[in-house]
Amino acid sequence: MFSLTVRRNFMIAHSLPRPAFGPAQGMHGATFVTEVTFRRRSLNEDSIVLDIGEAGDVLDGILEGLNYKNLDEHPDFAGRLSTTEALAQYVADAVAAKIRPGADGRELAGLEVTLRETPDAWASYSLDFEAS
């Protein structure tokens, strides 16, 4: 399996209003290092998984809608907790909607989004295109 990963940063504000989150129940900020890894069983005719520039542009477009936003007020998170895990799924689904294999001949096997909150703590969410 081949893979290509692009990385970007974004910053948000949010609260996690449940006792399980202790001091994070109150409004706080977080900076995430975001990594999106695209997977492919074999390289395409250009000997790549996906164009790096295109992958970065797609991620930039998605993160633009989150960067410096208060997720408590973001319409996509209305009634939902914006945990690191939930954010990883949100980004993965948004990337997949723009890059998912289709009529254009893409043969991606899947992708994984990892959000690193600190060098010691992160969460990931994976999509397997071949299983769907």
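Position labels on residues start from 1 in each chain and follow its written sequence. Confidence filtering applies because this is a predicted model: local features only for residues at pLDDT of at least 70, side-chain atom pairs given and counted only at 80 or more, and all residues used for totals across whole chains, interfaces and linings. Side-chain measures here rest on the full set of heavy atoms in the structure, leaving out hydrogens and waters.

Here we look at the packing of helix H1 (residues 52-64) against helix H2 (residues 84-99)
So, point 1. Comment: axis = line fitted to C-alpha atoms, over the contacting stretch for helices; angle = value between 0 and 180 degrees taken between N-to-C directions. Only DSSP runs of H or I reaching four residues or more are called helices, and only runs of E reaching two or more are called strands; each is numbered from the N terminus. At their nearest, the axes of H1 and H2 sit 10 Å apart, and the two run at 130° to each other. As summarised for this structure, H1 and H2 are arranged oblique, according to the angle between their axes. The hand of the H1/H2 crossing is right-handed. Counting all contacts with H1, which are made through Glu-54, Val-58, Leu-59, Ile-62 and Leu-63, the residues of H2 involved are Val-91, Ala-94, Val-95, Lys-98 and Ile-99. In what follows, roughly perpendicular refers to angles from 65 to 115 degrees, roughly parallel to angles under 35, roughly antiparallel to angles over 145, and oblique to any angle outside these ranges. The crossing is said to be left-handed when, going from far helix to near helix, the turn is anticlockwise and less than a right angle, and right-handed when the turn is clockwise. Pairs of residues are marked as contacts when any of their non-hydrogen atoms sit within 4.5 Å.

Quick look at the sheet that holds strand S5 (residues 121-128)
So, point 1. With respect to topology, five strands assemble into an open sheet ordered S3-S1-S2-S4-S5, the strand pairing being mixed. Edge positions in the sheet fall to strand S3 (69-70) and S5, since each has one partner strand and no second.
So, point 2. As defined by bridge partners, strand S1 (residues 2-14) adjoins strand S2 (residues 28-40) across 13 bridges and the pair is classed as antiparallel. When the bridges of S2 are listed, Ile-12 appears paired with Ala-30.
So, point 3. Sitting on the sheet, H1 touches S1, S2 and S3, and the angle it makes with S1 is about 20°. A pair of strands counts as paired when DSSP detects no fewer than two bridges linking them.

A word on unusual backbone geometry
So, point 1. Not every positive phi belongs to a glycine, and Ser-47 is a case in point at roughly 60°.
So, point 2. Inspection of the secondary structure puts Ser-47 in the loop between S2 and H1.
So, point 3. What makes Ser-47 exposed here is its relative accessible area of 52%.
So, point 4. Even without being glycine, Tyr-68 reaches a positive phi, approximately 60°.
So, point 5. Note that Tyr-68 resides in the loop between H1 and S3. Note on exposure labels: buried denotes an accessible area under 20% of the residue type's maximum, exposed denotes more than 50%, and partly exposed covers the range between, all computed with a 1.4 Å probe on protein chains only.

A word on the pairing of strand S4 (residues 108-118)
So, point 1. Sheet analysis places S2 next to S4, joined by eight bridges and oriented antiparallel. Within S4, the position partnered with Arg-39 by the bridge is Gly-110.
So, point 2. Bridge count for S4 against S5 is eight bridges, and the pairing is antiparallel. The residue bridging Val-113 from the neighbouring strand is Tyr-125, located in S5.
So, point 3. The loop that links S4 with its antiparallel partner S5 comprises two residues.

Describing the nonpolar core
So, point 1. Phe-38, Leu-66, Val-91, Val-95, Leu-111 and Val-113 are the most contacted members of the largest nonpolar core, which totals 32 residues.
So, point 2. Within the residue set of this core, elements represented by two or more residues are S1, S2, H1, H2 and S4.
So, point 3. Counting residues per element, this core draws most heavily on H2, at eight residues.
So, point 4. Leaving out residues up to four positions away in the same chain, Leu-66 has contacts with Phe-10, Met-11, Ile-12, Leu-71, His-74, Phe-77, Tyr-90 and Val-91. Residues grouped as a nonpolar core are buried Ala, Val, Leu, Ile, Met, Phe, Trp, Tyr and Cys residues, joined through side-chain atoms within 4.5 Å.

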